[in-house]
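Fold and geometry: a report
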Amino acid sequence: MNTEQIEILLKEKNLKLTKQRKNIINKLLEIKGHFEIEELAYKLKNKGIKASRATVYRTLSILKELGLINEVIKHGNKTYYEVNLKEHHDHLVCLSCGKIIEFHDEKIEKIQNKVCKKFKFKPSYHRLEIFGICNECQKKLKKRD
């Protein structure tokens, strides 16, 4: 997805693509991986891009409603997002360093589908987050002990 495609989508929903929104969208499309709203606002400010926090929050809310970004992880008092350009995947989250590892496992997907079928439940979407300690942090903990 690129800025022009997003602009078309916004117009279809009678939403304007202001200069600030365009700058926010362009910055989002540069991000690889996961991001937090405050981190995005900080990056915009450091690049000299004028966009208030309120504008950043509103823009992300609109992009979330349009399915262009996903809320992927809530951890502590932070919410992490990612641009919705990838195939479905789940996440491992390190409680020590905050590292996020993406993975996809077809067995897990089949089990989830089986559970939904068993309960005659029609899923809209799902996300799986497993919280624990990554390999690097485990090694650091062992060295301290």
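The following paragraphs examine the structure supplied in this document. What you are looking at is a predicted structure, and each value in this text was computed from that prediction instead of being measured. (Residues numbered from 1 in each chain as written. Predicted model: local features only at pLDDT ≥ 70, side-chain atom pairs only at ≥ 80, totals over all residues. Heavy atoms only, no water.)

**Observations regarding the side chain of Glu-71**
- With respect to the helices and strands, the residue Glu-71 is situated in strand β2 (residues 69–75).
- A polar contact of 3.0 Å, which involves the side chain of Glu-71, links it to the side chain of Lys-64.
- Sequence-distant contacts of Glu-71, that is, excluding residues within four places in its chain, are made with Lys-64, Thr-79, Tyr-80, Tyr-81 and Arg-127. (Helix = DSSP H or I, 4+ residues; strand = E, 2+ residues; numbered from the N terminus. Polar contact = N/O pair within 3.5 Å; in protein donor to acceptor, adjacent residues only side chain to side chain. Contact = heavy atoms within 4.5 Å.)

**Quick word on the sheet that holds strand β4 (residues 90–94)**
- Sheet architecture is open: three strands sit in the order β5-β4-β6, paired in mixed fashion. One side of each edge strand has no neighbouring strand; the edge strands of this open sheet are β5 (100–103) and β6 (129–132). Averaged over all pairs of adjacent strands, the angle between strand axes in this sheet comes to 20°, irrespective of strand direction.
- One ladder, built from four bridges, connects β4 with β6; its direction is parallel. Bridged to Cys-94 within β6 is Gly-132. (Pairing = 2+ DSSP bridges. Axes fitted to C-alpha atoms, helices over the stretch in contact; angles between N-to-C directions.)

**Some details on the side chain of Thr-79**
- Inspection of the secondary structure puts Thr-79 in strand β3 (residues 78–83).
- When residues no more than four places from it in sequence are discounted, the contact partners of Thr-79 are Phe-35, Glu-36, Ile-37, Glu-71, Ile-73 and Lys-74.

**Focus: the sheet that holds strand β1 (residues 34–36)**
- Overall, antiparallel pairing links the three strands, which are arranged β1-β3-β2 in an open sheet. A single partner strand is all that each edge strand has here, and the edge strands are β1 and β2. Averaged over all neighbouring strand pairs, the angle between strand axes comes to 35°, with direction disregarded.
- Pairing of β1 with β3 involves three bridges; the strand directions are antiparallel. Among the inter-strand pairings, His-34 is bridged to a residue of β3, identified as Glu-82.
- Across the sheet, helix α3 (residues 37–46) is in contact with β1 and β3; its angle to β1 comes to roughly 85°.

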